[in-house]
Amino acid sequence: MTSTTSPRIAVFGSINMDLVAYVDTAPASGETVSGSRFAQVPGGKGANQAVAAARAGGDVAFFGAVGDDAFGTQLRTNLVETGIEVSEMRTVPGASGVAHIVVESTGANSIIVIAGANAAMTDVSERDRRLLEGSAALLLQLELPMEGVIAAARAGREAGVPTVLTPAPARELPAELIGLVDLLVPNQHEAAAITGEREPRAALAELLKLVPEAIITLGADGSLYGRRGADPVHVPAPRVEAVDTTAAGDTFCGAFAVARAEGRAPEDALRFAAAASALSVQRLGASSSMPGRAEIEEAIAKA
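What counts and what doesn't
- Residues numbered from 1 in each chain as written.
- Predicted model: local features only at pLDDT ≥ 70, side-chain atom pairs only at ≥ 80, totals over all residues.
- Heavy atoms only, no water.
- Pairing = 2+ DSSP bridges.
- Helix = DSSP H or I, 4+ residues; strand = E, 2+ residues; numbered from the N terminus.
- Contact = heavy atoms within 4.5 Å.
- Axes fitted to C-alpha atoms, helices over the stretch in contact; angles between N-to-C directions.
- Phe/Tyr/Trp six-rings, centres within 6.5 Å; stacked < 30°, edge-to-face > 60°.
- Buried < 20%, exposed > 50% of the residue type's maximum accessible area, 1.4 Å probe, protein only.
- Salt bridge = Lys/Arg side-chain N within 4 Å of Asp/Glu carboxyl O.

(A) Region of interest: the sheet that holds strand β10 (residues 163-165). Read across the sheet, 8 strands follow the order β4-β1-β9-β10-β11-β12-β13-β14 without closing on themselves; strand pairing throughout is mixed. The open sheet has two edge strands with one neighbour each: β4 (59-63) and β14 (233-235). As paired strands, strand β1 (residues 8-12) and strand β9 (residues 137-140) are joined by 4 bridges and run parallel to one another. Directly across from Ala 10, in β9, lies its bridge partner Leu 138. In this fold helix α7 (residues 200-207) packs onto β11 (183-184), β12 (213-217), β13 (223-227) and β14, with an angle of close to 155° to the strand it touches most, β12.

Right, dumping it as structure tokens:
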């Protein structure tokens, strides 16, 4: 049975302004190419997951930092206009985070992230802890300082809030952090980096030695879910033509967190998340591409 109220989802993560160039093929080292379009879009893995969860029907609180520059004002306004709680979002002196993104005509992308204000997120305040209490899930990623991510995971465990970690960008995962994670959501490449196993089911088996639940996202091949003591579940992705995959994983994670918090079974939650992600890759941009709840439900009904 699913909940009739919007679940509270807490997101402790990065927020950037994405500076996006669209090209036929990304330039090689030393090469200059002509682009077809430029866009300036709010992004950052944390903010992306917050927007995805809010649009999917969650009641979202965001914990992050922006600079005291024009980008910071725009980024805060975007979250407020999406209906996200930002009372504990910090403003620090200096520049906000930015990401330079090159998107090819196939939808593939390459990204350079410059942390800016995100580097200030090294701790969790008492006010953060109070707002976190009662949340149905805490979403974490790795674009913030590791000490901040671990502090947030500790706070989640102390508050009894299930912690969901997207281990991206890929980096070494401290044992303490792994021990505080309830659900790990890597893509296929990140799962291989963590486990040394390139085959998804073998990688999933290794991940479940580390955490109680895991999802490996497989791009166009869907997703693979597992929990200790149960058989793996594979859910295929809807067949669509991708134009920009920049925030596909963040859309998936935000939507999945909402669906699970509503009480949906894992397979149903995976289908909900897959529908949301498939809609997002058919549009340009990161947060600007993310679908609303009604769109997701309509896509599922038509499948």
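(B) Quick peek at unusual backbone geometry. Between Ala 168 and the following residue, Pro 169, the backbone shows a cis peptide bond with an omega angle of -5°. With respect to the helices and strands, the residue Pro 169 is situated in the loop between β10 and α5 (175-180).

(C) Main features of the packing of aromatic side chains. Inspection of every chain in the model, using the stated rule, returns 1 aromatic pair. Geometrically, the ring pair formed by Phe 252 and Phe 256 is stacked, given 6.3 Å between the ring centres and 0° between the ring planes. Residue Phe 252 and its partner Phe 256 are both found in helix α8 (residues 248-261); the two are separated by 4 residues, about one turn of the helix. The buried category is assigned to Phe 252, whose relative accessible area is 6%.

(D) A look at the pattern of salt bridges. Under the definition given, this model contains 17 salt bridges. Put simply, Lys 45 and Asp 250 hold a salt bridge, and the shortest N to O gap is 2.9 Å. Of this pair, Lys 45 sits in helix α1 (residues 45-55) while Asp 250 sits in helix α8, and the two are 205 residues apart along the sequence. The exposure class assigned to Asp 250 is buried, which follows from its relative accessible area of 2%.

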